[in-house]
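# Observations on the three-dimensional arrangement
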Amino acid sequence: MEAVVASEKGACHANEDEEPSGKSNVPERLLKRDQERQEELLRRKEAKESLSVREEKSDFFTSAFNKEKAAIEDVLSGCTEGDGGTTATVLEEVSSRIQQLQKFLNDSMAFLTQYELRQAQASLQKLQSTLGEKRDKLMPKKKFTFRSRNAGTSKSKESPDSKKEDSPGSTAVDGTEGRAGGSRGPMAVDGVISEQQCGLSNADSQVFVKGVDEIQQSDVLLTHLSNCKVKLLGSPSTLHIKHVRDCEILCGPVSSSIFLDHCSGCTFAFSCQQLRTHNTTDCQVYLHVTSRAIIEDCSGVRFAPFSWSYPGMEADFEVSGLDRAKNNWSQVDDFNWLSAESPSPNWGVIPEHERKSEWD
């Protein structure tokens, strides 16, 4: 009898022990579910706030950008023929304001949509074009030209008069003294070449070097070159490269943007705020860029970190204002590939074992 009572008491004690445990499990599960719900609400709130911040930043950018763009357009439209010194000052001020607007865009790219980025870039290109037209109209200068000659013509046969007519703006290390091949007669670089611009055009299988005194803070245009090697020692304001093939082009730090168009089979080495590449195939780019590189209608373009150097480059970086510690060489936006789930097939990274380490 005592054993039965003891057994019953033991069972009661067991039930008493289980009951609190069962009761404690229910609130624990509820607490966990409530915690998960609170975390989800917090994530949604943060996402909403982040979206709101991005929209506010985007709205601010659009308003500020359009306001400054309109102001620059007003200055350009009001710039007419008059005192040469005043006109030059106004146009240089406009050029500086356009560069600042470009920098504003570069700094804002992280929160802009592709459409907003395209629109802003198109507006900047239009401003640059209008500025070039104004310079050409109000401050016409003799264009940077080359005299052509047959490939077989020796230097000893040149007359003193013909040497005087040659442009001194370029030094070809192979002895051609800045001349470019092609048809006879003077040939101007295609595009608007103003007081602040210089360039090379219509050359085949030649080597050119331009120094600081020629390109510093100038707009440089290279066009219709094939099998050439070009070294630009200094800090240009902008660099435009159009219709070149099988060339090696090395350039010091560019203060604002570099534009590539219709290039093929080339090797480039540059530093810049922004790189825009169009209609370009099978090229290698050794790049230092402080914003992001952009490609459009391109294929077979490969990137690696900028590795070229020359005496005086550090001083040119100081002039350019570029941040040496910031290089987004591998962050490329392809305007023809908007999928975030898979990488663009139009560009890639040069494997380390294939990268060029020595530059002649």
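Please refer to the structure higher up on the page.
### Observations regarding the layout of surface pockets
Of the voids in this model, the second largest pocket is the one considered here, and its volume is about 160 Å³. Around the second largest pocket sit Lys 103, Asn 106, Asp 107, Gln 273, Thr 290, Ser 291, Ser 320, Gly 321, Leu 322, Asp 323 and Lys 326, which together line it. Per-element tally for the lining of the second largest pocket: the top contributor is helix α2 (residues 84-108), with 3 residues. When its residues are assigned to classes, the lining of the second largest pocket shows 1 nonpolar, 6 polar and 4 charged.

### Details of the side chain of Lys 134
Considering the arrangement of structural elements, one finds Lys 134 in helix α3 (residues 114-138). A polar contact of 3.2 Å, which involves the side chain of Lys 134, links it to the backbone oxygen of Leu 76.

### Re the nonpolar core
Soluble globular proteins: nonpolar side chains tend toward being buried together. Judged by nonpolar contacts, the single largest core of 37 residues is most densely connected at Phe 268 and Phe 270. It is strand β12 (residues 281-289) that provides the largest number of residues to this core, a total of 4 residues.

### Focus on empty space enclosed by the protein
Under the defined criterion, the tally for this structure stands at 4 cavities of 30 Å³ or more. The space that makes up the largest cavity amounts to roughly 70 Å³. Lining the largest cavity are Ile 98, Gln 102, Gln 121, Leu 124, Gln 125, Gln 128, Thr 238, Ser 256, Ser 257 and Phe 259. At the level of secondary structure, the elements contributing two or more residues to the lining of the largest cavity comprise α2, α3 and β9 (257-264). Sort the elements by how many residues they give to the lining of the largest cavity and α3 lands first, with 4 residues. Of the residues that constitute the lining of the largest cavity, the class distribution is 3 nonpolar, 7 polar and no charged.

### Overview of α3
Across its 25 residues, α3 extends 36 Å between first and last C-alpha, which sits within 8% of the 36 Å expected from 1.5 Å per residue. Within α3 the residues assigned to the buried category are Leu 117, Ala 120, Gln 121, Ser 123, Leu 124, Leu 127, Leu 131, Gly 132, Lys 134, Arg 135 and Leu 138.

### What about the pattern of salt bridges?
When the charged atoms of two side chains with opposite charge come close together, those side chains can pair. Summed over the entire model, instances satisfying the criterion amount to 10 salt bridges. Salt-bridge contacts for Lys 229 lead to Glu 248; the nearest nitrogen and oxygen are separated by 3.2 Å. In this pair, Lys 229 sits in strand β6 (residues 229-232) while Glu 248 sits in strand β8 (residues 248-253), placing the two residues 19 residues apart along the sequence. Neither residue differs from the other here; Lys 229 and Glu 248 are each classed as buried. Residues Lys 356 and Glu 248 are paired through a salt bridge, measuring 2.6 Å at the closest nitrogen-oxygen approach. Of the two residues, Lys 356 sits in the segment after β16 (347-349) while Glu 248 sits in strand β8, which places them 108 residues apart along the sequence.

### A closer look at the pairing of strand β14 (residues 299-305)
Sheet topology places β12 next to β14; 6 bridges connect them, and they run parallel. If you follow Tyr 286 over to β14, its bridge partner there is Ala 304. Of the strand pairs in this sheet, β14 and β16 are connected by 3 bridges, and their pairing is parallel. Residue pairing in the sheet places Val 301 in a bridge with Trp 347 of β16.

### Focus on unusual backbone geometry
The phi angle at Asp 246 is positive, at roughly 55°, despite the residue not being glycine. Its location among the elements puts Asp 246 in the loop between β7 (238-245) and β8.

### A look at the packing of aromatic side chains
The tally for this structure, following the rule as stated, stands at 6 aromatic pairs. Summarising the aromatic geometry, the rings of Tyr 286 and Trp 359 are spaced 5.2 Å apart at their centres and angled 90° between planes, so their arrangement reads as edge-to-face. With a gap of 73 residues between them, Tyr 286 in strand β12 and Trp 359 in the segment after β16 connect regions that are remote in the sequence. Side by side, Tyr 286 and Trp 359 carry an identical accessibility label, which is buried. For the ring pair Trp 308 and Tyr 310, a centre distance of 4.9 Å and an interplane angle of 40° mean the geometry is tilted. Three or more aromatic residues joined by ring pairs make a cluster, and in this case those are Phe 61, Phe 65 and Phe 104. Positioned above the aromatic ring of Phe 317, the side-chain terminus of Arg 324 is 3.9 Å from the ring centre.

### Comments concerning the environment of Cys 247
When you line up the elements, Cys 247 lands in the loop between β7 and β8. Taking the relative accessible area as the measure of exposure, Cys 247 reaches 4% and is therefore buried. Distance in space between the C-alpha atoms of Cys 247 and Asp 204 is 9.4 Å, their sequence separation being 43 residues.

### Observations concerning the environment of Leu 112
Looking at the secondary structure, you find Leu 112 in the loop between α2 and α3. Through-space distance from the C-alpha of Leu 112 to that of Thr 62 is 9.5 Å; in sequence the pair is 50 residues apart. Those residues within four positions of Leu 112 in sequence are excluded, and the remaining contacts are Ser 58, Phe 61 and Leu 105.

Calculation criteria
Residues numbered from 1 in each chain as written. Predicted model: local features only at pLDDT ≥ 70, side-chain atom pairs only at ≥ 80, totals over all residues. Heavy atoms only, no water. 1 Å grid on protein atoms, 1.4 Å probe; cavity = no way out; pocket = protein on both sides within 12 Å on 5 of 7 lines; lining within 4 Å. Points joined across faces, edges and corners; volume = space filled by probe spheres on them. Helix = DSSP H or I, 4+ residues; strand = E, 2+ residues; numbered from the N terminus. Nonpolar A, V, L, I, M, F, W, Y, C, P; charged D, E, K, R; others polar. Polar contact = N/O pair within 3.5 Å; in protein donor to acceptor, adjacent residues only side chain to side chain. Core = buried A, V, L, I, M, F, W, Y, C linked by side-chain atoms within 4.5 Å. Buried < 20%, exposed > 50% of the residue type's maximum accessible area, 1.4 Å probe, protein only. Expected span 1.5 Å × (residues − 1). Salt bridge = Lys/Arg side-chain N within 4 Å of Asp/Glu carboxyl O. Pairing = 2+ DSSP bridges. Phe/Tyr/Trp six-rings, centres within 6.5 Å; stacked < 30°, edge-to-face > 60°. Lys NZ or Arg CZ within 6 Å of the ring centre and 35° of its normal. Contact = heavy atoms within 4.5 Å.

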